[in-house]
Amino acid sequence: TSEEKSKAAQLFEGLANGDRMKLSKAITMIESTRSDHRRISAELISMCLKESGKKNKKQKRIGFTGTPGVGKSTFIETFGKKMIENGHRLAAVDPSSARSGGSILGDKTRMPYLSVADNAYVRPSPNKGDMGGVTKSTLETIILTEAAGYDTCFVETVGVGQSEFMVSEMVDMFVLLSQPGAGDTLQGIKKGIMELADLIIVNKSDGNLEIASKRTSGNLIDALRFVAPKSADWNPQVIRTSCVSLLNIDRIYDTINLYFDKIEKSKRWDKIRTLQQRNWMWRQINNLIIERLHEESDVSEAAESLEKRVLSGEIAPTTAAYEIVDLFLNKPKI
Ligand code: GDP
């Protein structure tokens, strides 16, 4: 409707003026499941995409992952400060619904500098979410921060379930944070994550952890030899950092800039973006279909009873899946 259009236009104008309140309002809007809100959101996002298409400078989207305790929040705060001092406008979003609390207050204490800095926007993690810790609206949230003039967006994930993989599909650069390990093994690094990383940071390289951090960094460099690089334009780097002594914080900044120069020159950046849009569309289709399926009570009930029969070994999972989908689509059963 025209009312929805004008609401979207209003929000867009607020965003374009860099109004932080409007950005928060817009994010709340896209997170809403109300159908009128959905239409406003769709309108708003298409306005944002149209506008960003006109610009020749893309927002740098960087994902950070790592097990709890490696220092993600501390690193984002420390490195984010560096970014702000270098004149950037930085948004940090944390779509991991699994993080306990997730209140604005909680985030303020996690990132005291960024949460009050003029050129930073910290979006606290949403209270409700799904998809294993990443909300359905994460990519839209990122797009909104771009429209609000943030040249860089950090996306943090605690790595619950599939969240790292999903975040890696919506950012331009993926950073894995690790910390000095006790032994020679690469503890806590999920299978498949090394392959996604463009940069691996061994944080807490200070004090009595320094020697261990050198060993961990050496192990990671060795392990990377067995990982096929994602592209010929970039070899993943391993860098030791400390948020205490600020070791290599400048180097991280330079490395990230170099990475973006390379993917800009090789034109891979555009390809990454195209792929993101496609993956996101199909993820949303998957979600919507599952959501709709559960909304149909007869299908949902049938699915439940079929699930029981699968669990008891009575029927094969594939057979059950066919039956459920066919029932949902009102097609004749196999
Ligand atoms: P997250 O769970 O990954 O977000 O980790 P946090 O940022 O909450 O950090 C976990 C703990 O590690 C905190 O006590 C931090 O103070 C500490 N920490 C973070 N970075 C460093 C670092 O570079 N050196 C040292 N020694 N401690 C750090």
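Worth saying up front: this structure is predicted, and the values here are computed from it rather than measured.

Cut-offs applied
- Residues numbered from 1 in each chain as written.
- Predicted model: local features only at pLDDT ≥ 70, side-chain atom pairs only at ≥ 80, totals over all residues.
- Heavy atoms only, no water.
- Helix = DSSP H or I, 4+ residues; strand = E, 2+ residues; numbered from the N terminus.
- Buried < 20%, exposed > 50% of the residue type's maximum accessible area, 1.4 Å probe, protein only.
- Contact = heavy atoms within 4.5 Å.
- Areas by Shrake-Rupley, 256 points an atom, 1.4 Å probe, with all protein chains shown as cover.
- Core = buried A, V, L, I, M, F, W, Y, C linked by side-chain atoms within 4.5 Å.
- Domains from an automatic or database assignment.
- pLDDT = per-residue confidence, 0-100.
- Expected span 1.5 Å × (residues − 1).
- Phe/Tyr/Trp six-rings, centres within 6.5 Å; stacked < 30°, edge-to-face > 60°.
- Polar contact = N/O pair within 3.5 Å; in protein donor to acceptor, adjacent residues only side chain to side chain.
- Pairing = 2+ DSSP bridges.
- Axes fitted to C-alpha atoms, helices over the stretch in contact; angles between N-to-C directions.

## Digging into the overall build of the protein
Working step 1: Broken down by element type, the protein carries 13 helices and 7 strands.
Working step 2: Per-residue burial over the protein gives 47% buried out of 334 residues.
Working step 3: By sequence separation, contacts in the protein at least 24 residues apart represent 78% of the contacts at least 6 residues apart.
Working step 4: Accessible area of the protein: about 17200 Å², with a carbon and sulfur share of 55%.

## Focus: the nonpolar core
Working step 1: Core analysis: the largest hydrophobic core is formed by 43 residues, its most contacted members being L15, L23, L44, C48, L144 and I200.
Working step 2: Counting contributing residues, this core receives three or more from each of domain 1 (1-54) and domain 2 (57-266).
Working step 3: If we ignore the near neighbours within four places in the chain, the residues touching L44 are A8, L11, F12, L15, A26 and L144.
Working step 4: Residues I76, M111, A120 and V175 belong to the second largest nonpolar core, which totals 33 residues.

## Some remarks on the confidence of the model for the protein
For any part of a model where pLDDT is low, the fine detail of the predicted coordinates should not be relied upon.
Working step 1: Averaged over every residue, the pLDDT of the protein is 87; residues scoring 70 or more account for 89%.
Working step 2: When mean pLDDT is compared element by element in the protein, helix α10 (residues 249-265) scores highest at 98, while helix α5 (residues 104-110) scores lowest at 56.
Working step 3: Contacts from residues 100-106, a stretch scored under 50 in pLDDT, to residues over four places away or in other chains number 7 contacts.

## Concerning helix α4 (residues 72-85)
Working step 1: Over its 14 residues, α4 runs 20 Å from end to end, which matches the ideal 20 Å to within 8%, given 1.5 Å per residue.
Working step 2: With 11 of 14 residues buried, α4 is to be regarded as a mostly interior element.
Working step 3: Taken residue by residue, α4 has K72, S73, F75, I76, E77, T78, F79, G80, K82, M83 and I84 as its buried positions.
Working step 4: Just past α4, the residue G87 takes up positive phi, approximately 90 degrees.

## Focus: the packing of aromatic side chains
Working step 1: Summed over the entire model, instances satisfying the criterion amount to 8 aromatic pairs.
Working step 2: Here the aromatic rings of F64 and F154 are separated by 4.8 Å at their centres, their planes lie at 75 degrees, and the arrangement is edge-to-face. You can see F64 sitting in strand β1 (residues 60-65) and its partner F154 sitting in strand β4 (residues 152-157), a full 90 residues away along the chain. You'll find F64 and F154 in the same group, each marked buried.
Working step 3: Ring centres 5.9 Å apart and planes at 10 degrees place the aromatic pair F79 and F154 in the stacked group. Note that F79 is positioned in helix α4 and F154 in strand β4, a separation of 75 residues in sequence. With respect to burial, F79 and F154 carry one shared label: buried.
Working step 4: Ring pairs connect the aromatic residues F64, F75, F79 and F154, which therefore count as one cluster.

## Remarks on the side chain of S242
Working step 1: Inspection of the secondary structure puts S242 in the loop between β7 (237-240) and α10.
Working step 2: Taking the relative accessible area as the measure of exposure, S242 reaches 0% and is therefore buried.
Working step 3: For S242, the side chain forms a polar contact with the side chain of D206, separated by 2.5 Å.
Working step 4: Beyond its immediate chain neighbours, meaning those up to four positions away, S242 contacts N203, K204, S205, D206, L247 and I249.

## Topic: the sheet that holds strand β2 (residues 90-93)
Working step 1: The parallel open sheet is built from 7 strands, whose spatial order is β3-β2-β4-β1-β5-β6-β7. Each having just a single partner strand, β3 (120-123) and β7 make up the two edges of the open sheet. The sheet shows a mean angle of 20 degrees between the axes of neighbouring strands, direction not considered.
Working step 2: Relative to β4, β1 runs parallel, the two sharing 6 bridges. Bridge pairing links T65 to T157 in β4.

## Considering the environment of E169
Working step 1: Along the polypeptide, E169 turns up in the loop between α7 (163-168) and β5 (173-178).
Working step 2: For E169, a relative accessible area of 28% gives the class partly exposed.
Working step 3: In this structure the C-alpha to C-alpha distance between E169 and R278, which are 109 residues apart in sequence, comes to 10.0 Å.
Working step 4: Apart from residues no more than four positions distant in its own chain, E169 is found in contact with Q276, N279 and R283.
Working step 5: Polar side-chain contacts of E169 include one of 3.2 Å to the side chain of R283.

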